[in-house]
Amino acid sequence: MADVTIRIRDDGPLLVDGDVKLLDGEGNEFVSDKPTIAICRCGASKIRPYCDGAHKECGFESAERAPA
Ligand code: FES
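Residues numbered from 1 in each chain as written. Predicted model: local features only at pLDDT ≥ 70, side-chain atom pairs only at ≥ 80, totals over all residues. Heavy atoms only, no water.

**Student:** Quick question: what am I supposed to make of the sheet that holds strand β1 (residues 4-8) here?
**Tutor:** The three strands lie next to each other as β1-β2-β5, forming an open sheet whose pairing is antiparallel. The sheet terminates laterally at β1 and β5 (36-39), the two strands that pair on one side only. Sheet twist, expressed as the average angle between the axes of neighbouring strands with direction ignored, equals 20°. Both β1 and strand β2 (residues 14-18) contribute to a ladder of five bridges, which runs antiparallel. Directly across from I8, in β2, lies its bridge partner L14. (Pairing = 2+ DSSP bridges. Helix = DSSP H or I, 4+ residues; strand = E, 2+ residues; numbered from the N terminus. Axes fitted to C-alpha atoms, helices over the stretch in contact; angles between N-to-C directions.)

Spatial relationships are all this shows, so hold off on functional conclusions.
See below:
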């Protein structure tokens, strides 16, 4: 199993921990030296695909729960 964890933050980004590659639609890699990256889910970030905290001002609401 891959050693990657993706956590869904309520009303916020996806937090990705682990050794992953983040590629754009043409296969080009977004390079990050951070151990955890936050991927925007709200669409309001000015630094997409990363979260810049804009979800707090745009009213984004989402609280996904895994089925029990
Ligand atoms: S989820 Fe944070 S700016 Fe979009």
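Moving on from the coordinates now.
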